[in-house]
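Fold and contact review
So the chains spell out like this:
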Amino acid sequence: SPFLMQLFAGHPCRFIAKPCALSLGIQDSGAHRAQPNAILEKVFTSITKSPDAKRLEGLAKQLDWDVRKIQRWFRHRRNQDKPSTLRKFCESMWRFTFYLSIFFYGIRFLWTAPWFWDTRQCWYNYPFQPLTSRLYYYYILELAFYWSLMFSQFTDIKRKDFLIMFVHHLATIGLITFSYMNNMVRVGTLVLCLHDASDFLLEAAKLANYAKYQRVCDAFFMLFGVVFIVTRLGIYPFWILNTTLFESWELIGPYPSWWLFNGLLLTLQLLHIIWSYLIIRTASKALVRGKVSKDDRSDVESSSEEEEGTASSTKGVLSTSSNGSNRLNGHVAPGQWTGE
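Remember, it's a predicted structure, so these values are computed and weren't measured experimentally.

1. Quick look at the overall build of the chain
Along its length, the chain carries twelve helices and two strands. When the helices and strands of the chain are read in sequence order from the N terminus, they spell out α-α-α-α-α-α-α-α-α-α-α-α-β-β. The burial tally for the chain puts 53% of its 340 residues in the buried class. Taking as baseline every contact in the chain between residues at least 6 positions apart, the subset at least 24 positions apart corresponds to 76%. Surface exposure of the chain reaches about 16600 Å², of which carbon and sulfur atoms provide 64%.

Next comes the structure, spelled out in structure tokens:
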């Protein structure tokens, strides 16, 4: 179950990821804590976490504080609830371990599967195809993991791409469940393995970023971008969608669930196009300007440079600003990593 996945995730984070993070110099230090103030705390918890100009002026008069000081207090208070870099490193290391392990498991399993080399084999003798134990565990592990991502999305810091990620997780869970119930597991394994091919590279880039190995981080991100675009815009439509749309129609005809199954797969392809655009834009900005400007998929929380009005000189493809916010996040999409 997804709850067991989350439970077991804590053990490698505690006994493996945390020692690794500490050895790399990542300390368990949280954000700068806001000065205790009952009035501002009441406004923060009961009214708004980001007061407008009118409310700021009223609070400034009430407390006899400067407006900038109150803005700074609210920024510190918001950042106070964010996870530390150590926690983000541990979570990324857990995901990296899972993605890498499940990808190699899938490759090893599919290497000897006939449908890996000939996609028409996905539809021969359908639906009377055996479900082996290795295939069963592959599916259950993937389903549990994506359910855990679905639940954790509601507890993470809310991002501008929340809806896109929600649709992605929902479509993925729907596809895994639907294909399993209809015994479309052969083509389902191809979809799962293809999606896992780039995800562990994204998590590796995050780990390098948290450890402040910027060149390693940039290299992993560039590799992630290449693999993502090749698999999601090349192999996926011309290999996966070709067999689900055309070969299946030819071999077994338009079965009743054909439209729903392919509708979900096409929904994923639309998300692939959106994320590929964001990845290309992020990489092109880094190459042209030598730094990354604020991405559309940023956290709701603003960086300290934006609120103070100072210039930010974040070098590299995935750079860390002074408050620890980063330029790439999510399952497979660019944005800031502040909440990871």
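The structure having been displayed, the exposition proceeds.
2. Regarding helix H7 (residues 133-152)
With 20 residues, H7 extends 29 Å from end C-alpha to end C-alpha; this agrees with the ideal 28 Å at 1.5 Å per step. Those residues of H7 that sit buried are Leu135, Tyr138, Tyr139, Glu142, Ala144, Phe145, Tyr146, Ser148, Leu149, Met150 and Ser152.

3. Focus: the packing of H7 against helix H8 (residues 162-181)
Packing of H7 against H8 brings their axes to within 10 Å, and their N-to-C directions diverge by 155°. Judged on the interaxial angle alone, H8 and H7 are roughly antiparallel. Crossing of H7 over H8 shows left-handed handedness. Touching Tyr136, Tyr139, Glu142, Leu143, Tyr146, Trp147, Leu149 and Met150 of H7 are Phe166, His168, His169, Leu170, Thr172, Ile173, Ile176, Thr177, Ser179 and Tyr180, all from H8.

4. Things to note about the packing of aromatic side chains
This model, assessed by the stated rule, comprises 27 aromatic pairs. Taking 5.6 Å as the distance between ring centres and 50° as the angle between the ring planes, the aromatic pair formed by Phe224 and Phe228 counts as tilted. Of this pair, Phe224 and Phe228 both sit in helix H10 (residues 214-252), four residues apart, roughly one helical turn.

5. What to know about the pattern of salt bridges
Tallying each qualifying case throughout the model produces four salt bridges. Put simply, Arg232 and Asp199 hold a salt bridge, and the shortest N to O gap is 3.4 Å. Taken together, the residues Arg232 in helix H10 and Asp199 in helix H9 (residues 185-210) connect sequence positions 33 residues apart. Each of the two residues, Arg232 as well as Asp199, counts as buried.

6. Some points on H8
An α-helical turn contains 3.6 residues, so any two residues separated by three or four positions project in the same direction. With 20 residues, H8 extends 28 Å between its outermost C-alpha atoms, agreeing within 8% with the 28 Å of an ideal straight helix rising 1.5 Å per residue. Residues of H8 that are buried include every one of Met165, His168, His169, Ala171, Thr172, Ile173, Leu175, Ile176, Phe178 and Ser179, and no others.

7. Details of the nonpolar core
Counting 58 residues, the largest nonpolar core has Leu110, Trp115, Tyr236 and Phe261 as the members making the most contacts within it. A per-element tally of this core places H9 first, with twelve residues. Core analysis: the second largest hydrophobic core is formed by eleven residues, Val43, Leu63, Trp65 and Phe74 among them.

8. Considering the side chain of Ser276
Along the chain, Ser276 falls in helix H11 (residues 258-289). Residue classification places Ser276 among the buried residues on the basis of a relative accessible area of 1%. Sequence-distant contacts of Ser276, that is, excluding residues within four places in its chain, are made with Phe228, Ile229 and Leu233.

9. Notes on the packing of helix H2 (residues 38-46) against helix H3 (residues 53-63)
With their axes 11 Å apart at the nearest point, H2 and H3 run at an angle of 160° to one another. By the angle between their axes, H2 is roughly antiparallel relative to H3. Where H2 crosses over H3, the handedness of that crossing is right-handed. Here Ile39, Leu40 and Val43 of H2 come into contact with H3, specifically with Arg55, Leu59, Gln62 and Leu63. Of the residues belonging to the contact of H2 with H3, the class tally is five nonpolar, one polar and one charged.

10. Some thoughts on unusual backbone geometry
For residues besides glycine, phi is generally negative; the peptide bonds are generally trans as well. Backbone torsion omega between Tyr126 and Pro127 reads 5°, so that peptide bond is classified as cis. Inspection of the secondary structure puts Pro127 in the loop between helix H6 (114-117) and H7. The residue Asp64 is not glycine, and still its phi comes out positive at about 60°. Turning to its location among the elements, Asp64 is positioned in the loop between H3 and helix H4 (67-80). The residue Asn125 is not glycine, and still its phi comes out positive at about 60°. Note that Asn125 resides in the loop between H6 and H7.

11. Focus: the environment of Tyr210
For Tyr210, the location among the structural elements is in helix H9. Along the primary structure Tyr210 and Leu24 are separated by 186 residues, whereas in three dimensions their C-alpha atoms are 9.4 Å apart.

How each quantity is defined
Residues numbered from 1 in each chain as written. Predicted model: local features only at pLDDT ≥ 70, side-chain atom pairs only at ≥ 80, totals over all residues. Heavy atoms only, no water. Helix = DSSP H or I, 4+ residues; strand = E, 2+ residues; numbered from the N terminus. Buried < 20%, exposed > 50% of the residue type's maximum accessible area, 1.4 Å probe, protein only. Contact = heavy atoms within 4.5 Å. Areas by Shrake-Rupley, 256 points an atom, 1.4 Å probe, with all protein chains shown as cover. Expected span 1.5 Å × (residues − 1). Axes fitted to C-alpha atoms, helices over the stretch in contact; angles between N-to-C directions. Parallel < 35°, antiparallel > 145°, perpendicular 65-115°, else oblique. Left-handed = near helix turned anticlockwise from the far one by under 90°. Phe/Tyr/Trp six-rings, centres within 6.5 Å; stacked < 30°, edge-to-face > 60°. Salt bridge = Lys/Arg side-chain N within 4 Å of Asp/Glu carboxyl O. Core = buried A, V, L, I, M, F, W, Y, C linked by side-chain atoms within 4.5 Å. Nonpolar A, V, L, I, M, F, W, Y, C, P; charged D, E, K, R; others polar.

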